[in-house]
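Observations on the model geometry
Given next are the chains, with one letter for each unit.
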Amino acid sequence: MPERTVTIASRTGLHARPAKLFVQAAQAQGVPVRIRVGDGKPAPATSMLAVLALGAVHGTEVTLAAEGPGAEAALDSLAALLARDLDAEEASGG
Amino acid sequence: MRETAPLPLDPRAVRLDASAAGRDDAIAQCGRALVEIGAVEPSYVEAMLERERSISTYVGEEVAIPHGTLAAKNVVRHDAICVLRFPGGVDWDGERVTVCVGIAARGDGHVRLLSELAQILMDPDRARALREADEVSEVVRLLHPTEEDQ
């Protein structure tokens, strides 16, 4: 299954706001995407609670996985989102 | 792999039967509960409203988790949560909210708090118990799971 491993760039981790932006982006993908920390249990990237439960802080490596048509593009797009400091965008953009 | 610790919930910051005129009123009440237990300075309330305007803190299961912006971390005195229940429901940008868990945390503390809370809410039985508990002590116990509960 195609995968991407990416380091959480948001300063305060994958918490409420960055998590919400990530979940919304995952919901907009045409394929189901799962997210896990290390060898942990994969969780649906579209579930806010499941994503918060990961407890991923700044610097945590997470792995995204998806299968089927559009999987590669979906993974690229979501990995790119996690590699951005979404908290910094709040500070500058209001 | 992950550290677990009790959520810092002071029983004085639990209200089982609150009512609010709307989302912002509910958030202000959460903020005041955190002020009253000495966890935050009064200016934290405005930071919670600001955060909510930026993006909704609704997480599912009729629960919202209002908290302040990054910039407001310096007015947090100690990590704390509060639990306010709104049995009549609050319209939260189109979602119905009956439980607000207000959060104040310094540094990375809130990530752990949110993780603990999310794991409780992902269990439908515990989420329902949180919505329906009749006693403050029951709410405190739900959020302080013992080893045997996990």
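Everything numeric here is computed off the predicted structure, so don't read it as measured data.

**As for the overall build of chain B**
- Tallying secondary structure elements over chain B gives five helices and five strands in all.
- A compact globule built from 150 residues would reach a C-alpha radius of gyration of about 15 Å, and chain B, at 14 Å, matches this within 12%.
- Over its C-alpha atoms, taken along the principal directions, chain B stretches across nearly 40 × 35 × 25 Å.
- Counting every position in chain B, which comprises 150 residues, the buried fraction comes to 45%.
- Sequence separation of 24 or more characterises 68% of the internal contacts of chain B that already satisfy a separation of 6 or more.

**Describing the overall build of chain A**
- Each helix and strand counted, chain A has four helices and four strands in total.
- Beginning at the N terminus, the succession of helices and strands in chain A can be written as β-α-β-β-α-β-α-α.
- C-alpha atoms of chain A, sized along the principal axes, occupy 35 × 25 × 20 Å.
- Looking at the 94 residues of chain A, the share that counts as buried comes to 39%.

**A closer look at the sheet that holds strand β5 (residues 95-104) of chain B**
Residues and elements named next belong to chain B.
- Read from one edge of the open sheet, five strands run β1-β4-β5-β3-β2, paired in mixed fashion. The sheet is open, and its two edges are formed by β1 (9-15) and β2 (58-60), each paired on a single side.
- Across nine bridges, the pairing between strand β4 (residues 80-92) and β5 is antiparallel. Each residue of the ladder has a partner; that of Asp 91, found in β5, is Arg 96.
- Together, β1, β4 and β5 form the strand contacts of helix α1 (residues 23-36), whose direction differs from that of β4 by roughly 160°.
- Of the strands in this sheet, β1 and β4 touch helix α5 (residues 136-143), which is tilted by about 130° from β1.

**A few points about the interface of chain B and chain A**
- Contacts between the two partners involve 19 residues from chain B, matched on the other side by 17 residues from chain A.
- The set of elements that each furnish at least two residues to the side of chain B that touches chain A consists of β2 and α3 (109-121) of chain B.
- Broken down by element, the residue count for the side of chain B that touches chain A peaks at eight residues, all from α3 of chain B.

**Regarding the nonpolar core**
- Counting residues in each nonpolar core, the largest one holds 75 residues, and the members touching the most others are Val 51 of chain A together with Leu 34 and Val 83 of chain B.
- Top contributing element to this core by residue count: β4 of chain B, with eight residues.

**Re helix α1 (residues 16-27) of chain A**
- Taking 1.5 Å per residue as the helical rise, α1 of chain A with its 12 residues ought to reach 16 Å, and the 16 Å between its terminal C-alpha atoms agrees with that figure.
- Where α1 of chain A is concerned, the buried positions are Ala 16, Arg 17, Pro 18, Ala 19, Lys 20, Phe 22, Val 23 and Ala 26 of chain A.

**Thoughts on the environment of Arg 106 of chain B**
Residue and element names in this part refer to chain B.
- Inspection of the secondary structure assignment puts Arg 106 in the loop between β5 and α3.
- For the pair Arg 106 and Leu 70, spaced 36 residues apart in sequence, the C-alpha separation works out to 9.2 Å.
- Excluding residues within four positions of it along the chain, Arg 106 makes contact with Lys 73, Val 76 and Asp 79.

**Describing the confidence of the model for chain B**
Residues and elements named next belong to chain B.
- When pLDDT is averaged across chain B, the result is 90; 92% of the residues are at 70 or more.
- For chain B, the element scoring lowest by mean pLDDT is α3, at 86; α1 scores highest, at 98.
- As a predicted assembly, this complex carries a pTM of 0.84 together with an ipTM value of 0.77.

Rules used throughout
Residues numbered from 1 in each chain as written. Chains lettered and ligands numbered in written order. Predicted model: local features only at pLDDT ≥ 70, side-chain atom pairs only at ≥ 80, totals over all residues. Helix = DSSP H or I, 4+ residues; strand = E, 2+ residues; numbered from the N terminus. Rg over C-alpha atoms; globule rule 2.2 N^0.38 Å. Buried ≥ 20, exposed ≤ 12 C-beta atoms within 10 Å, placed from the backbone. Contact = placed C-beta atoms within 7 Å. Pairing = 2+ DSSP bridges. Axes fitted to C-alpha atoms, helices over the stretch in contact; angles between N-to-C directions. Core = buried A, V, L, I, M, F, W, Y, C linked by C-beta atoms within 7 Å. Expected span 1.5 Å × (residues − 1). pLDDT = per-residue confidence, 0-100.

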